[in-house]
Each structure stands twice: as structure tokens, then as C-alpha cells.
Amino acid sequence: MLINANENPLGPSKAACDAIARVAPLGGRYDLTGETELLTKTIAAQSGLKPEFIAVYAGSSEPLHYSVLAFTSPTKSFVTADPSYEAGMFAARTSQAKIIKTPLTSAFAHDVKAMVAADAQAGVIYICNPNNPTGTLTTKKDIVWALENKPAGSILLVDEAYIHLTDEPDTLDLVAQGKDLIVLRTFSKIYGMAGIRCGFAAGRPDLLAKLKPFGQNAMPITGSAAARASLEDPKLVPERRKMIGDTRRDTIAWLKTNGYKVIGDPQTNCFMIDTGRNGRAVMAAMKARNVMIGRTWPIWPNAVRVSVGTPEEMAAFKVAFKAVMDGPPL
Ligand code: PLP
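Given the structure is predicted, the values throughout are model-derived calculations rather than measurements.

1. Some thoughts on the packing of aromatic side chains
Reasoning step 1: Using the criterion set out here, one finds 9 aromatic pairs in the structure.
Reasoning step 2: On the basis of an interplanar angle of 80° and a centroid distance of 5.8 Å, the ring pair of Phe-108 and Trp-300 is categorised as edge-to-face. Highlighted residues: Phe-108 in the loop between β4 (99-103) and α5 (112-117) and Trp-300 in the loop between β11 (292-293) and β12 (303-307), separated in sequence by 192 residues.
Reasoning step 3: Taking relative accessible area as the criterion, Phe-108 reaches 22% and is therefore assigned partly exposed.
Reasoning step 4: Their ring planes at 40° and their centres at 5.9 Å tell us that Trp-254 and Tyr-260 sit as a pair that is tilted. Here Trp-254 matches Tyr-260 in class, with each residue buried.
Reasoning step 5: Within the aromatic cluster, the residues linked to one another by ring pairs are Trp-254, Tyr-260, Phe-317 and Phe-321.
Reasoning step 6: When the ring centre of Trp-145 is taken as reference, the NZ or CZ atom of Lys-113 above it lies at 4.9 Å.
Reasoning step 7: It is Arg-295 that lies over the ring of Trp-297; its NZ or CZ is 3.8 Å from the centre.

Laid out in C-alpha cells, this is it:
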């Protein structure tokens, strides 16, 4: 059972699968029917942005890497929260940029004051909201504050991979205002398309242009068509947000009732548990019970990340977790 990679067990919607079936026979051409342009226009219309403020990619990993490569260098650092999603940090290593990690606040939000103050030569300040691995939120007020107070010459890279799973406002309006930020979105999470691949970056055209030298690949038309079909279903996001949210709330309530320590107030499809013992050993013991849970982060070796699966999967998780935690010392 896989609750280790923040995927969506519901998978792509029926409409997305139908769209894939519709365009698959056209796959001998790069993009005969202009699927990616149609998707770009749909995203733009739904988010109040001009199409030139949107760049579609096969997932959000590419624009995440490219943004870091474009805006960091040996003299332009990468500032990130700790713990947070590490892919940007790995790209910063390729840039030979200085990497500055700032711990989360006591409420497990990004410490925007510390991030902004970290380095006058910052190139990228990376804000993952909600944060992976903790699932915790940083308020829009804090993000706006960071934008207004960040060092000149830096950009905010706001990774909203999990934003649809929360009730928090997003930051696309700040993009429309022409601010110094790039927002990353993916269809891998709430839309259940991790294996199909689609995502996008939203930003001022001059910022998005800086990503282009790092790679301009054609989109899989299946990804573009499935993404557009997903966006055109107004019920998909609210239904899935409720379904995943209900399962998360139930699992976290169970953990707390049983005396286990959940970190912060997670608002997405993952959360961390401070197990009070070696997190890797807990992962291995869960694996032995056929429940794959997510991993530890170096700053918190006793904490494990768990992704929210179906209610049935979380029922199996509860049984296995209790057996591991109440069993012989690891
Ligand atoms: N950003 C965050 C915060 C993630 O957790 C992930 C995947 O887990 C990604 C980006 C990359 O996702 P993808 O390339 O599938 O869009």
C-alpha cells in the first residue's frame, strides 16, 4: 500500500481519461490540434491572467528546476524553509549557489522574516505553500510581506502544488499585478495525474523567458488534454478537497486520540508524525507490514511523512502504525 509520495489514489478523473483516449490516436504528431495552446488559454481564463503569463510544462518539476537555475548562481543564493520540498535546493547545488535553510516558525509556517533577512544577495526565496512535508500553511499576508520586503534582484518562487487541497487563497493575483514572483502549479496532486504529467509556471513574461534556455520540450498532448478536461469540471476540486480533507481529519483525530504527535495543523494530503524514535526504523517496520509511508527529513530524524490515501488505506495504516508503535522497541 502506497501512502509515501503524496499522490492521489483517486487518479485522473473520468473526463481526463476520456480526453486522453480522444487525443491518443493523434500522438504521432507533436500537437496537431493545439492541445497545449488550448490548455494555456483555459488556465489563463480561469486564473485572470493573460496567456503570456502562463508556461505549461510536463509537470511542475521542470519549471521548479529551471527557475532555480535561472535565478541563482555562485553569487545569488537559494533561500528555503527547513524542512521543505528539496528539489529546488538540489537544483541550486547545480548552480553552485549558496543554500540557506531557515527553520519553520513555531506554528510550522515559513519564517518569512528570517527568509527575507537571510541574504541581501538572495536569488530565489522558495515558499512551498502548503509545505511539503508538513502540510502546514503560510498565510498570504506573509507571502505579500515577503514580496514587498525581499532583497532587490531576487524572486519569490511560490510552489502551490498542494494549494487546491486547502481553503487558503492562492497568489496568482500577485502574478497578474506584475510582481517579482513565479508561481508553480501541478496536475499531479488534486487532479491525480502524477503519471500523466502536466504543470505550469505563472509569472511575468520577462521572468518566464529566463526559464527557456534551460529546456523547451514539447508537451505530451495526453497531459495537456487531460489537464484541460480536469479544469473544465467545476466539481472536481471541491469534491476531492472534501474527500481528502475528511480522510486527513479522521486520521489525524485518530492519531491524537491515541497519543501520537502530529506536527502542526496540516491542511493538505500529507502530514508528519513525530514518532519519538528513529523515523527510518518506523518506515521499515511499516514496510514490513506492507504499508509504505513517506520519509524523514534530516532536521527531524524522528518524524515521518504520511500521505493521505483512501479511507480504506488509512484504516490499514492505523492498524499497522499502532502495531509498530506499541510493539517491541525499534
Ligand atoms: N512541488 C512540490 C511541493 C511537490 O511536492 C512535488 C511533487 O511531489 C512537485 C513540486 C513536483 O511535482 P510534479 O513534477 O509531478 O508536478
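Okay, back to it.
2. Some details on the site of the ligand
Reasoning step 1: In the vicinity of the ligand, 13 residues are found, and the nearest of them are Ser-60, Ser-61, Asp-159, Thr-186 and Ser-188.
Reasoning step 2: One of the backbone nitrogen or oxygen atoms of Ser-60 is found 2.7 Å away from an oxygen atom of the ligand.
Reasoning step 3: Within the complex, the protein chains bury 92% of what would otherwise be the 390 Å² of accessible surface of the ligand.
Reasoning step 4: A per-class count over the shell around the ligand returns 4 nonpolar, 6 polar and 3 charged.

3. Side note on the packing of helix α10 (residues 236-257) against helix α12 (residues 311-326)
Reasoning step 1: Contact geometry of α10 with α12 gives a least axis separation of 10 Å together with a crossing angle of 15°. Judged by the angle between their axes, α10 and α12 are roughly parallel. The interaxial crossing formed by α10 with α12 has right-handed handedness. Taken together, the residues of α12 that come into contact with α10 (itself represented by Thr-247, Asp-250, Thr-251, Trp-254 and Leu-255) are Pro-311, Met-314, Phe-317, Lys-318, Phe-321 and Lys-322.
Reasoning step 2: Looking at the contact of α10 with α12 residue by residue, the classes come out as 6 nonpolar, 2 polar and 3 charged.

Scoring rules and cut-offs
Residues numbered from 1 in each chain as written. Predicted model: local features only at pLDDT ≥ 70, side-chain atom pairs only at ≥ 80, totals over all residues. Heavy atoms only, no water. Phe/Tyr/Trp six-rings, centres within 6.5 Å; stacked < 30°, edge-to-face > 60°. Helix = DSSP H or I, 4+ residues; strand = E, 2+ residues; numbered from the N terminus. Buried < 20%, exposed > 50% of the residue type's maximum accessible area, 1.4 Å probe, protein only. Lys NZ or Arg CZ within 6 Å of the ring centre and 35° of its normal. Near = heavy atom within 4 Å. Polar contact = N/O pair within 3.5 Å; in protein donor to acceptor, adjacent residues only side chain to side chain. Areas by Shrake-Rupley, 256 points an atom, 1.4 Å probe, with all protein chains shown as cover. Nonpolar A, V, L, I, M, F, W, Y, C, P; charged D, E, K, R; others polar. Axes fitted to C-alpha atoms, helices over the stretch in contact; angles between N-to-C directions. Parallel < 35°, antiparallel > 145°, perpendicular 65-115°, else oblique. Left-handed = near helix turned anticlockwise from the far one by under 90°. Contact = heavy atoms within 4.5 Å.

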